[in-house]
Amino acid sequence: LLCHAPAAVLAASDDPASSPFAGYTMTGFSNDEEEQVGLAANAPWLLEDKLVELGANYSKAAEPWSSHVVVDRNVYTGQNPQSSEELAKRIVSDLG
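Described below are features of the structure shown in this document.

Definitions and cut-offs
- Residues numbered from 1 in each chain as written.
- Predicted model: local features only at pLDDT ≥ 70, side-chain atom pairs only at ≥ 80, totals over all residues.
- Heavy atoms only, no water.
- Helix = DSSP H or I, 4+ residues; strand = E, 2+ residues; numbered from the N terminus.
- Rg over C-alpha atoms; globule rule 2.2 N^0.38 Å.
- Buried < 20%, exposed > 50% of the residue type's maximum accessible area, 1.4 Å probe, protein only.
- Contact = heavy atoms within 4.5 Å.
- Areas by Shrake-Rupley, 256 points an atom, 1.4 Å probe, with all protein chains shown as cover.
- Lys, Arg positive; Asp, Glu negative; His and termini not counted.
- Charge placed at Lys NZ, Arg CZ, Asp CG, Glu CD.
- Core = buried A, V, L, I, M, F, W, Y, C linked by side-chain atoms within 4.5 Å.
- Polar contact = N/O pair within 3.5 Å; in protein donor to acceptor, adjacent residues only side chain to side chain.
- Phe/Tyr/Trp six-rings, centres within 6.5 Å; stacked < 30°, edge-to-face > 60°.
- Lys NZ or Arg CZ within 6 Å of the ring centre and 35° of its normal.
- Salt bridge = Lys/Arg side-chain N within 4 Å of Asp/Glu carboxyl O.

**Observations regarding the overall build of the protein**
Inference 1: Within the protein one finds three helices and four strands.
Inference 2: When the elements of the protein are put in sequence order from the N terminus, they spell out β-α-α-β-β-β-α.
Inference 3: Here the protein has a C-alpha radius of gyration of 13 Å; the compact-globule value for 96 residues is 12 Å, and the two agree.
Inference 4: Considered along the principal axes of its C-alpha atoms, the protein spans approximately 40 × 30 × 20 Å.
Inference 5: Going through the 96 residues of the protein one by one, you find that 36% of them count as buried.
Inference 6: The long-range share in the protein, meaning contacts at least 24 apart out of those at least 6 apart in sequence, stands at 60%.
Inference 7: As displayed, the protein offers around 5,300 Å² of accessible surface, 53% of which is attributable to carbon and sulfur atoms.
Inference 8: Across the protein, 5 positive and 14 negative side-chain charges occur, with their mean positions spaced 7 Å apart.

Structure, rendered in structure tokens:
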């Protein structure tokens, strides 16, 4: 799941307290990145906030727009488009 795609896990449960992804360490497009592109003020919610609400351990790169990949069990997440190559290489490596 790359960039905003980790939002798909939000649909796994109507109640964040019972999310099957609670306790997973994940990443996705950060609040800082949303603010820097000027979209945060218009968004109904921000992915970083929603992942934390569902009980995920949100992880992000030290600097916005840096590549950052997190793997927890069978869930592979990349923070932003700059993470796509690193994420793809990690998946291929783990499948090999």
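**Concerning the environment of serine 83**
Inference 1: Positionally, serine 83 belongs in the loop between β4 (75-78) and α3 (84-95).
Inference 2: Given a relative accessible area of 0%, serine 83 falls into the buried group.
Inference 3: Put simply, serine 83 and asparagine 57 are 26 residues apart on the chain and 18 Å apart in space, counted from C-alpha to C-alpha.
Inference 4: Ignoring any residue separated from it by four or fewer positions in sequence, one finds serine 83 in contact with Leu2, Ser66, Ser67, His68, Val69 and Gly78.

**Describing the nonpolar core**
Inference 1: Counting 10 residues, the largest nonpolar core consists of Val9, Phe21, Tyr24, Met26, Leu47, Leu51, Leu54, Ala56, Tyr58 and Val75.
Inference 2: Among all residues touching leucine 47, those that are not within four sequence positions of it are Cys3, His4, Pro6, Ala7, Gly28 and Phe29.

**A closer look at the side chain of threonine 27**
Inference 1: Within the element layout of this structure, threonine 27 appears in the loop between β1 (25-26) and α1 (31-36).
Inference 2: Among the polar contacts listed, one links the side chain of threonine 27 to the backbone oxygen of serine 59, at a separation of 2.6 Å.
Inference 3: Setting aside chain neighbours within four positions, we find threonine 27 in contact with Pro6, Leu51, Tyr58, Ser59, Lys60, His68, Val70, Thr77, Gly78 and Gln79.

**Details of the packing of aromatic side chains**
Inference 1: Per the stated rule, a full pass over the model turns up two aromatic pairs.
Inference 2: Ring geometry for phenylalanine 29 versus tryptophan 65: centroids 5.4 Å apart, planes at 70°, classification edge-to-face. Placement of the pair is phenylalanine 29 in the loop between β1 and α1 and tryptophan 65 in the loop between β2 (57-58) and β3 (69-72), with a sequence separation of 36 residues.
Inference 3: Above the ring of tyrosine 24, the side-chain terminus of arginine 73 is found at 3.6 Å from the ring centroid.

**Focus: the pattern of salt bridges**
Inference 1: The full count for this structure, using the stated rule, is six salt bridges.
Inference 2: Where lysine 50 meets glutamate 53, a salt bridge forms, and the shortest distance between an N and an O atom there is 3.6 Å. With lysine 50 and glutamate 53 both in helix α2 (residues 47-53) and three residues apart, the pair spans about one turn of that helix.
Inference 3: Since its relative accessible area comes to 26%, lysine 50 is described here as partly exposed.
Inference 4: Look at glutamate 53 and you get partly exposed, because its relative accessible area is 49%.
Inference 5: Close ionic contact of aspartate 94 with arginine 90 constitutes a salt bridge, the shortest N to O distance being 2.9 Å. In this pair, aspartate 94 and arginine 90 both sit in helix α3, four residues apart, roughly one turn of the helix.
Inference 6: Through salt bridges with shared partners, a single ionic network connects Asp32, Glu48 and Lys60.

So, to be careful, I would describe these as geometric facts and stop short of saying anything about function.
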